[in-house]
Amino acid sequence: DRRSAITAWQRIKPAEQFDGTFNVPKEWLANGKRVDVETGKPPHDASSAVKLNEQFAGGFIGKPVRLDITGHLKAGENRVLIEPFAPETVRIVHY
């Protein structure tokens, strides 16, 4: 399997924002590499915005989603914020 995943998240309360940090090795940012955030279903098929390191990275409505966040990452610690509704699950996947 060419992908690896890390999960380092805190869920604050159901239906509230999802806020967490994770570390990105510099190798993940090499040319041709890709990093996605994958989410499960948000409560009530709601829409949410995804911010990486305080910059808007995209969003989703309802269904589980995969969003390419490669261009928003830096080596080391990164912060993700999904608001106003937290999805059931969140993980960072490296390809």
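Residues numbered from 1 in each chain as written. Predicted model: local features only at pLDDT ≥ 70, side-chain atom pairs only at ≥ 80, totals over all residues. Heavy atoms only, no water.

### Some details on the overall build of the protein
Piece 1. The number of helices and strands found in the protein is zero helices and nine strands.
Piece 2. Counting over 95 residues, the protein shows a buried share of 38%.
Piece 3. In the protein, once contacts between residues fewer than 6 apart in sequence are set aside, the share between residues at least 24 apart is 73%.
Piece 4. In the structure as shown, the protein presents an accessible area of about 5600 Å², 48% of it carried by carbon and sulfur atoms. (Helix = DSSP H or I, 4+ residues; strand = E, 2+ residues; numbered from the N terminus. Buried < 20%, exposed > 50% of the residue type's maximum accessible area, 1.4 Å probe, protein only. Contact = heavy atoms within 4.5 Å. Areas by Shrake-Rupley, 256 points an atom, 1.4 Å probe, with all protein chains shown as cover.)

### Examining the nonpolar core
Piece 1. In terms of nonpolar packing, the biggest core is built from 18 residues, with Phe22, Val50, Leu52 and Ile69 touching the most fellow members.
Piece 2. Of all elements in the fold, only β3 (18-24), β4 (35-39), β5 (47-52), β6 (55-61), β8 (76-83) and β9 (90-94) reach the threshold of two or more residues within this core.
Piece 3. Take this core: its biggest share by element is three residues, from β3. (Core = buried A, V, L, I, M, F, W, Y, C linked by side-chain atoms within 4.5 Å.)

### Overview of the pairing of β4
One face of the sheet, then the other: side chains in a regular strand alternate in exactly this way.
Piece 1. Counting buried positions along β4 yields five of five residues, so the element is predominantly enclosed.
Piece 2. Pairing geometry for β4 and β9, over five bridges, is antiparallel. In the sheet register, Val35 faces β9, and the bridge partner there is His94.
Piece 3. Here four bridges tie β4 to strand β7 (residues 65-68), and the two strands are oriented antiparallel to one another. Counted as the bridge partner of Val37 is Leu67 from β7. (Pairing = 2+ DSSP bridges.)

### As for the pattern of salt bridges
Piece 1. Going through the model one piece at a time under the given rule, you end up with six salt bridges.
Piece 2. For Glu38, the salt bridge is made with Arg91, and the minimal N-O distance between the two is 3.0 Å. Placement of Glu38 in strand β4 and of Arg91 in strand β9 is noted, with a sequence separation of 53 residues between them.
Piece 3. Residue Glu38 is classed as buried on the basis of its relative accessible area of 13%. (Salt bridge = Lys/Arg side-chain N within 4 Å of Asp/Glu carboxyl O.)

Read these as spatial facts, not as claims about activity.
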